[in-house]
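Structural features, examined
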Amino acid sequence: MNWNAWRRRWLTEPLYRRLRNGVTPFTVFQQQVLAAGDPWWEGQLLSGTPDWNALTYVRPATLNAREKAFLEGPVHALCALLERLSNEGETLAEDALWKFLAEERFEAMAVPEEAGGLGLSAWAQSEVLRQVALRSVSIAYRLAARFVFHPACLLRAVGTEAQQQHWLPRLAGGDACAAMASFVVENDIVPIQATGVLLQGHDGPVLRLNWSGARYAPGPRPDLLVLPFRLHDPEGLLGGAGERGVCVALVDTSLPGVSHVETVSCAAGGHTPGTSVPAGTKASSAAFDGCDVQLQLDSLLGGTDSCDRALSALLAFQAVAKGIALPAMATASISLAAHASSAVLRLQAEGTGCAMLGARGRLGRLAATAYRVEAGRRFLSGALDLGYRPLLSSALFDISIFEDVRTAMGDSMDLLGGAGPTPALTEWQEGLHELLPALFGLEALAPQARNTRVLALGALRVHPLLMQEIEALDSADTDAGCDAFDRLLWKHVILAGNTIFRATGRAWTAGRFSPVPRLLGPVTHHYRRINRYAAALSALAEMLQPGARPVHAHNEPGLERLLRGLAVLMLLCAVLKRWQDDGRHDADLPLVEWCAADTYHTLDTLLATMLENLALKPAALVLRGMLLPPLLRTAPPDDAVTLTCAELLLKPSDTRERLVGSVWANHGLRHLQALEKAYECVVNVHELREQIRQAGLKDWRLAHQSGGLTDAQAEALEAAEAAVLVALRG
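Residues numbered from 1 in each chain as written. Predicted model: local features only at pLDDT ≥ 70, side-chain atom pairs only at ≥ 80, totals over all residues. Heavy atoms only, no water.

Time to look at the packing of aromatic side chains. In this structure the tally under the stated criterion is 11 aromatic pairs. Their ring planes at 45° and their centres at 6.2 Å tell us that tryptophan 40 and tyrosine 388 sit as a pair that is tilted. Separated by 348 residues along the polypeptide, tryptophan 40 in the loop between helix H2 (28-34) and helix H3 (41-46) and tyrosine 388 in the loop between helix H13 (359-385) and helix H14 (391-417) bring together distant segments of the chain. Residue classification places tryptophan 40 among the buried residues on the basis of a relative accessible area of 10%. Given the relative accessible area of 34%, tyrosine 388 is considered partly exposed. For the pair phenylalanine 402 and phenylalanine 440, a centre-to-centre distance of 5.9 Å together with 10° between the ring planes defines the contact as stacked. Taken together, the residues span a long stretch of sequence, with phenylalanine 402 in helix H14 and phenylalanine 440 in helix H15 (residues 423-445) at a distance of 38 residues. A residue is classified by how much of its surface remains accessible, and phenylalanine 440, at 46% relative accessible area, is partly exposed. Site record: aromatic cluster; members linked through ring pairs are Trp40, Phe379, Tyr388 and Phe397. For the cation-ring pair, arginine 656 lies above tyrosine 679, with the distance from its terminal atom to the ring centre recorded as 4.0 Å. (Phe/Tyr/Trp six-rings, centres within 6.5 Å; stacked < 30°, edge-to-face > 60°. Helix = DSSP H or I, 4+ residues; strand = E, 2+ residues; numbered from the N terminus. Buried < 20%, exposed > 50% of the residue type's maximum accessible area, 1.4 Å probe, protein only. Lys NZ or Arg CZ within 6 Å of the ring centre and 35° of its normal.)

This is how it looks when you write it as structure tokens:
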């Protein structure tokens, strides 16, 4: 008996016919998403066997001489201006801000160097935002929204040569400014308010656009608006007649039919629609309406030949911009909160601050969170500078960082609140309140990044066989499609069996025998544990098949948990990478251990919840026994590790310098300098105060009067006391 023929006739063909009738062909939008960006480290993890040697290609990000000059020149000048105004109790006017940014060529940050711009790397742009966010979150948001989400990179990627030569030099020289358009309501990132119709004009085809409420990032009115829209070609002037999907147009805002609607800003990233702006002032945010705006076909991004690739390029561009902006602003705010919270707690060591319920536990968690978010920023920036456009990875990092931001905000508010409503801490509390609105503003510039179907398709791309199987099911030639499906199906069965077998073995051995690189030192076991959870996630991905199945209400929670698990696992990889890049300091190991324990506990919870909610209950019970051994569950970070992390912030050390040293180094904010000075004074007299306490005295003045302290020691104690009062009372 011919086994292959029997298998094809009795097994493959019936299954092929059944699946072919049920499969839904990819829409134009889905095809464009699948073509967007590049798979990166998420593909290694979802394979179940990550190649750790691939991480060696992600070198620690560095700055070149040109980037250092920009940071030490215009960026330092902006930071000094913000510090001076803050110390004087003033704010920077909107007009003055944009005039300064134009003079210092901030608009040219993302414009390629060959076009006359600065061409800053992803790491350099991240450093710009981080340094500015340490002084003002709202100003950093404006820089990110306008200059990191800058259309120059999009023009460079898919723009025609004529489009690049026309716009890039003008943008680099400050002769024009540009912005991306976004809409309040979108459907599959298709702005339902923006439509374009291709018509035959007297001098050839013309594009007629209509839209309403195309918002742009805060700043001056742009001369160039990059507008995504739904294109209709009723006469088939570009090929087949009908719907062409989403394209992107380069709209000169001076054209007839384009109207500017100004609004007043009410928060970082927000505005109040319909509010009038007084004459002679500039709005913080505004929108454009368009009525029968006529464009030539050369206004399509990429021209007529590449207009179908414009949406894919737009998605990849937005992923890169978010991968730069959101981690940078989150890192700055969390490290600033960790610095202020630890200093305030140390200053209150003899008062109510240390006795506040859970103070040290919150501080330890805040220290580890600051370490983890900075690790994610470095990890993602390194990938971007290597040329990757990681659509899914960027979204996954954003998911994890948003969770860390919310946790850190709660912890820091509790710790800073213990000092009361002191003027000295007001600016940090206000900065923390500004952070989430600013991050939401960045999310609004790339709303499709959190689209469940986009994330599911991103996970589908990294599977070695699913895409080919779907193409075989969708083949017009059923015989050829069945042959291809027959070859792929049984490879998939073997792959799935190996995946589940590997996941089971690693779950019951905690990954002890999985391959890892040599010479990893005390963190070797974490690489093995990551192998164990990566195998489990890959097994569950085989069950859920994200992207291959339509996203419905009943399977969306499972997909969300799978992606969240992948997100926290990627961030742990970033933590281990940071520890290696920093020089493998043993003093930093408590931070690594806390991050690892928190990740493992989160993953155990997510895996258990996913298996409890699988539709096939018998399969769920079997997988639960295979993937979640009852005696190998991980507890949350224990108290000893958490308290050790807190001590790393409370005491001066190289680790504290690596965690929060960049916050106050070369900083000119008066309150921050007073807080750091008080912290150093309290640390310097700590041993002296312990001696006084052991002598049974409550006041150092009594010890000085009795001759137990020298005049120099008394002066040091008095200076520390005065510094504490200045720092906490303002």
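We now examine the environment of serine 259. Residue placement: serine 259 occurs in strand S8 (residues 258-267). The spacing of serine 259 and valine 128 is 131 residues in sequence and 33 Å in space, taken between C-alpha atoms. Ignoring sequence-local partners within four residues, the contact set of serine 259 consists of Ala287, Phe288 and Asp289. (Contact = heavy atoms within 4.5 Å.)

So, about the packing of helix H20 (residues 556-581) against helix H21 (residues 589-612). Two elements in contact, H20 and H21, have axes separated by 10 Å at closest approach and are oriented at 165°. In terms of orientation, H20 and H21 fall into the roughly antiparallel class. The element H20 and its partner H21 pack so that their crossing is left-handed. Contact residues: H20 offers Gly558, Arg561, Leu562, Arg564, Gly565, Val568, Leu569, Leu572, Val575, Leu576 and Trp579, while H21 offers Leu589, Val592, Cys595, Ala596, Thr599, Tyr600, Thr602, Leu603, Leu606, Thr609 and Met610. The class makeup of the residues in the contact of H20 with H21 is 15 nonpolar, 5 polar and 2 charged. (Axes fitted to C-alpha atoms, helices over the stretch in contact; angles between N-to-C directions. Parallel < 35°, antiparallel > 145°, perpendicular 65-115°, else oblique. Left-handed = near helix turned anticlockwise from the far one by under 90°. Nonpolar A, V, L, I, M, F, W, Y, C, P; charged D, E, K, R; others polar.)

This brings us to the pattern of salt bridges. Considering all chains together, one arrives at 28 salt bridges under this definition. Arginine 389 is the salt-bridge partner of aspartate 38, the closest N and O atoms lying 3.6 Å from each other. With aspartate 38 in the loop between H2 and H3 and arginine 389 in the loop between H13 and H14, the pair connects residues that are 351 residues apart, well separated along the chain. A residue is classified by how much of its surface remains accessible, and aspartate 38, at 22% relative accessible area, is partly exposed. With relative accessibility at 32%, the residue arginine 389 sits in the partly exposed group. Here arginine 578 and aspartate 582 are joined by a salt bridge, their closest N and O atoms 3.1 Å apart. Look at arginine 578 and you get buried, because its relative accessible area is 3%. Three or more residues joined by partner-sharing salt bridges are found here, namely Glu127, Arg130, Glu374, Arg377, Arg378, Arg578 and Asp582. (Salt bridge = Lys/Arg side-chain N within 4 Å of Asp/Glu carboxyl O.)

Turning to H20, a few remarks are in order. Here H20 contains 26 residues, and its C-alpha end-to-end distance of 37 Å stays within 8% of the 38 Å for a straight helix at 1.5 Å per residue. Extensive coverage of H20 is indicated by the burial of 20 of its 26 residues. Just downstream of H20 lies glycine 583, where phi reads positive at about 110°. (Expected span 1.5 Å × (residues − 1).)

Among the 10 residues that make up strand S6 (residues 224-233), 8 are buried, leaving the element largely enclosed by the rest of the structure. As judged from the 3 bridges shared by strand S1 (residues 178-180) and S6, these two strands associate in the parallel manner. The residue bridging alanine 178 from the neighbouring strand is leucine 224, located in S6. As paired elements, strand S4 (residues 195-201) and S6 share 3 bridges and run parallel to each other. In the strand pairing of S6, threonine 195 is matched with arginine 230. (Pairing = 2+ DSSP bridges.)

Between two packed helices, the angle of one axis relative to the other and the distance separating the axes together describe the packing. Between helix H17 (residues 466-473) and helix H18 (residues 478-509), the shortest axis-to-axis distance is 8 Å and the interhelical angle comes to 155°. By the angle class used here, H17 and H18 are roughly antiparallel. The way H17 lies across H18 gives a crossing that is left-handed. In this structure, H17 uses Leu466, Gln468, Glu469, Ala472 and Leu473 to contact H18, whose residues at the interface are Gly481, Ala484, Phe485, Leu488, Leu489 and His492. Within the contact of H17 with H18, the residues separate by chemical class into 7 nonpolar, 3 polar and 1 charged.

Owing to its 3.6 residues per turn, the α-helix aligns residues three or four sequence positions apart on the same side. Along its 27 residues, H13 runs 39 Å from first to last C-alpha, staying within 8% of the 39 Å computed at 1.5 Å per residue. Most of H13 is tucked away, with 21 of its 27 residues classed as buried. Glycine 387 sits one or two positions beyond H13 and adopts a positive phi of about 100°.

Moving on to empty space enclosed by the protein. Tallied over the entire structure, the rule returns 3 cavities of 30 Å³ or more. Empty space within the largest cavity amounts to approximately 170 Å³. In terms of lining, the largest cavity is formed by 21 residues, of which the most central are Ala319, Leu391, Leu392, Ala395 and Val454. Contributing elements (two or more residues each) for the lining of the largest cavity: helix H11 (310-347), H14 and helix H16 (452-461). With 5 residues, the top contributor of residues to the lining of the largest cavity is H14. Split by residue class, the lining of the largest cavity holds 11 nonpolar, 5 polar and 5 charged. (1 Å grid on protein atoms, 1.4 Å probe; cavity = no way out; pocket = protein on both sides within 12 Å on 5 of 7 lines; lining within 4 Å. Points joined across faces, edges and corners; volume = space filled by probe spheres on them.)

Another aspect to go through is the pairing of S4. Along any regular strand, the residues point their side chains to alternate faces of the sheet. Sheet topology note: the S4/strand S5 (residues 204-216) ladder contains 7 bridges and is antiparallel. Each bridged residue has a counterpart across the sheet, and for valine 197 the counterpart in S5 is arginine 208. The turn joining S4 and S5, which pair antiparallel and follow one another in sequence, is formed by 2 residues.

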